[in-house]
Amino acid sequence: MTPPYLSLPPTDRLLSPRTGWTRAHWETLTDHLLDSVVPYASPGFAQYRLPGRASWSGVALDGLEGFARTFLAAAFRIAGARGQVRPELIERYATGLANGTDPSSGEAWPELTDCSQQMVEAASIAVGLHESRPWLWDQLPSEVRERVVAWLSGFVGKRTWDNNWMLFQTVSEEFVKSVGGPYEQHEIDRGLERIEQWYVGDGWYTDGGTRNFDYYGGWALHLYPLLWTRMSGDEERATLYRGRLTEFLTTYQHFFGSDGAPVHQGRSLCYRFASLSPVWMGALADATPLAPGQTRKLASSVARHFAERGVPDRRGLLSLGWYDTFLPTTQAYSGPASPYWASKGLLGLLLPPEHPVWTAGEQMLPIDENDLTVALPTTGLLLHGTRHDGIVRLVNHGSDHGAPPDDPHYAKLAYSTRTAPESAEHAWTRNVDNHLALVSPDGVPSSRGMIHPLECAGRTASSYTETPEGTRITTTSLVRGPWELRIHQITPAPAPHSAPPASHDHATTGRRAPRRAPAIGHRAPRPFGANGRRTTPLPATVGRRTARFLAVAGVPRLLTFDPNEPAL
C-alpha cells in the first residue's frame, strides 16, 4: 500500500484545479484521524494512550493530551457540521469529559498546578467546549458541567511559563467566566497584556522574551487571542488582532512551497499542518490578504502534501516526526499524542460549507507564478522561492531561540521546504552543517550562539555572532533565484590593551572605517606588493578575514578565503 493511507473522495479538478481537494476531503481526513485513535482509548474515554515514546510528563499526562488534542479536532468537526455527525463522536467525548473530571472513575485528570502540562491541554478542552457548545456542553448533565468547571478553574492563582503558555490561562479562564465559574479578570488580561511586549511589528510576535520566531507565532500567538475574542466578544481587541493577523499573513503565506511543504524550521515540527491555523483563522475572522480560493489552495496543498507522504500513517495515527517517526525532530516534552496539535490545522471546518473558501475556485499563490524574495525586517528572516521547482528557502539572520545552546532547528544559516538540518544527538555538538565555525586549537568548532541582526531588506540580510572568546563573525547574505551568496567577515577579539575594533557596520555597508592599528598578536597584511612598491593604504579591515560562500537550497560552498582582502 502506498500513501495516502486513507480512502479519500474523488478529486474535483473543476473546483480545485491545483489540488483536487474539497471540503469533503477535509471532513474525511478529520474523521479518519478521530476514528483511528479509538482503539487506544481508556474504557471511559478520558485518556487516549497512543503508542510511541513517552514524554517527560509521564503516561497519565500523555493520556490526557490524547483526549484534549483529539477533542479539539472533534469540536471543529461537530461545530462545522452543526452537530450533524455520527452520534457516537459526541457521545465518546461527552463520556470522556465525565470520567476525566470524576475522581472515582480511575481515569481522572491530574489537577492543574503551576507550569504543568495540564495547562496546555486544558486550553484545548476550553476552546473545544466553546466552539461545540450547543451540541456538547449544553447537553452535558449539570453535575458533569460542574466538575469540568471545577477542573478548569484550577487555573486561578496558578503561574504559567512566560511565553505562549500565558494565553492558555487567558482562554481557559474566559471560558469558565462565560459559564458562570470562578475566574480572575487580571489573569485573563495578563496574557493579553504580555503579548503586547512580544509584538515586534509587521504582524510578527516573538514567543517570549528572546528571539523566538517560528510557527508558534501563528499557531499560538495569533490563534489564541482571536479565539479568546470569539468567547469574550471584545470587538476592540478583535479589531487590533485582525489587523495584525492580516499583516502577518502577507508574509507568512510565503513559508510554504508550491507543493504545500512548510519551511522546516523551529520546534514542535511534529505538529505539521497546525501551521495552517493562522491561515484558516484569517478566513474565519475576515483578517486575511488572501482570496478565498488562495486560502483553500494553500491549506489543501499542505494537507495533501503530508497525506501523500504517509501522514497519517498506516495505523491512521500522527507519529512523532515529520513524514514518519523521527525523534530528532521532536523535543523531550513531546509524547505520543503531541502531534495532535495538528488539530488546529482543521480550524477551517468551522467555516460553513457555503463560505467562499469552500465554494470559490482555487487560485494560485505567488510561488506558483513567479520567483519571490520576501524580507521580514523585524525578524531578520529572508525568504526566497523559485517557481520552477516550487522550493522556498529561509535565510536566518534573526531567530535563535534564546541561544545558547544551539538548537539545529534555529541555529542554522538557512532552511528550506525541501531540506532539514542535521538534528541527531551528535549534531548538537558537531554542528557543522549550514554553519561557519571557527576551529579552536583543540579541534572544537565554535557554535553560532546568539544572533544579532543588522539588516534585512530587499535581497539582503546580515547579522553577527560572537564566540565566547570575543571573536565576531559578521555574515551577509545576498539572494537571487535559488542562489544565496554569503560573505563572512571574521574580526578577532581585541587583545589586552589594544584599540577597540571598528564598528561592525562598516563590514556590511561598504563604508570605509577609520584607520586603526592591527590587533596586538595578529600579523597585519604586507603593505608592499611583489614588485617592492607600496600598494594601497592599509585597508580598514586589518585584523579581519573575509570568506565568501555560495549557498544553494541552504547548502554553503566555499568560494574564496583571503586573509588580506578589504571589506566589501
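Just so it is clear, the structure is predicted and the values come from calculations on it, not from any experiment.

(A) Spotlight on the confidence of the model for the protein chain. Residue-level pLDDT values for the protein chain average 89, and 87% of them are 70 or greater. Throughout residues 501-546 the model reports pLDDT below 50, and contacts reaching past four residues in sequence, or to other chains, amount to 76 contacts. Confidence over residues 552-568 falls short of pLDDT 50; this stretch has 48 contacts with residues more than four positions distant or in other chains.

(B) Fine view of the packing of helix α10 (residues 277-284) against helix α11 (residues 292-307). Orientation of α10 relative to α11, taken along the N-to-C sense of each, is 155°, at an axis distance of 10 Å. Accordingly, the angle class assigned to the pair α10 and α11 is roughly antiparallel. Crossing of α10 against α11: the hand is left-handed. Where α10 approaches α11, its residues V279, W280 and A283 are matched on the opposing element by T295, L298 and A299. Split by residue class, the contact of α10 with α11 holds five nonpolar, one polar and no charged.

(C) Focus on the sheet that holds strand β5 (residues 392-396). Across the sheet, four strands lie side by side as β3-β4-β5-β6; this open sheet has antiparallel pairing. For this open sheet the edge positions go to β3 (372-376) and β6 (414-416), each flanked by a neighbour on one side alone. Mean inter-strand twist for the sheet, computed between neighbouring axes without regard to direction, equals 15°. Where β5 meets β6, three bridges bridge the pair, whose relative direction is antiparallel. Among the inter-strand pairings, L394 is bridged to a residue of β6, identified as Y415.

(D) Spotlight on the packing of aromatic side chains. Tallying each qualifying case throughout the model produces 31 aromatic pairs. Both rings, one in W165 and one in F168, keep their centres 5.9 Å apart while their planes meet at 50°; by these two values the pair is tilted. Taken as a pair, W165 and F168 share a single burial class, namely buried. The interplanar angle of 25° and the centroid separation of 5.8 Å between the aromatic rings of Y252 and F255 together place this pair among those described as stacked. Of the two residues, Y252 and F255, both sit in the buried class. The ring of Y199 is capped by R244, whose NZ or CZ atom sits 4.0 Å from the centre of that ring. Above the plane of the ring of Y216 lies R267, whose end atom (NZ or CZ) is 3.9 Å from the centre.

(E) Examining the nonpolar core more closely. In this structure, W26, I125, L129 and F255 are the most contacted members of the largest nonpolar core, which totals 129 residues. Of the residues forming this core, the biggest block, eleven residues, is contributed by helix α2 (residues 59-80). Within the second largest apolar cluster, five residues are counted, among which are L382, V395, C456 and A461.

(F) Looking closely at the pairing of strand β8 (residues 460-466). Along β8, five of the seven residues are buried, which leaves the element largely enclosed by surrounding structure. In this structure, the hairpin formed by strand β7 (residues 452-457) and β8 is closed by a connection of two residues, where G458 is found at a positive phi of approximately 60°. Sheet analysis places β8 next to strand β9 (residues 472-480), joined by seven bridges and oriented antiparallel. By the bridge assignment, E466 is partnered in β9 with R472. Taken together, β8 and the strand that follows it, β9, pair antiparallel across an intervening segment of five residues, in which G470 is found at a positive phi of about 100°.

(G) Here's a closer look at unusual backbone geometry. For the bond from V311 to P312, the omega torsion is 5°, close enough to zero to count as cis. Along the chain, the position of P312 falls in the loop between α11 and α12 (356-359). Omega for the bond connecting P404 with P405 falls within 30 degrees of zero, at 0°, which places this linkage in the cis form. Along the chain, the position of P405 falls in the loop between β5 and α14 (408-411). The backbone of R82 sits at a positive phi, close to 50°, despite the residue not being glycine. The topology assignment puts R82 in the loop between α2 and α3 (87-100). Owing to a relative accessible area of 43%, R82 belongs among the partly exposed residues under this scheme. Phi angles above zero are rare outside glycine, and R272 is one such case at about 50°. Here R272 is to be found in the loop between α9 (235-252) and α10. The exposure class assigned to R272 is buried, which follows from its relative accessible area of 2%.

Rules behind the numbers
- Residues numbered from 1 in each chain as written.
- Predicted model: local features only at pLDDT ≥ 70, side-chain atom pairs only at ≥ 80, totals over all residues.
- Heavy atoms only, no water.
- pLDDT = per-residue confidence, 0-100.
- Contact = heavy atoms within 4.5 Å.
- Axes fitted to C-alpha atoms, helices over the stretch in contact; angles between N-to-C directions.
- Helix = DSSP H or I, 4+ residues; strand = E, 2+ residues; numbered from the N terminus.
- Parallel < 35°, antiparallel > 145°, perpendicular 65-115°, else oblique.
- Left-handed = near helix turned anticlockwise from the far one by under 90°.
- Nonpolar A, V, L, I, M, F, W, Y, C, P; charged D, E, K, R; others polar.
- Pairing = 2+ DSSP bridges.
- Phe/Tyr/Trp six-rings, centres within 6.5 Å; stacked < 30°, edge-to-face > 60°.
- Buried < 20%, exposed > 50% of the residue type's maximum accessible area, 1.4 Å probe, protein only.
- Lys NZ or Arg CZ within 6 Å of the ring centre and 35° of its normal.
- Core = buried A, V, L, I, M, F, W, Y, C linked by side-chain atoms within 4.5 Å.

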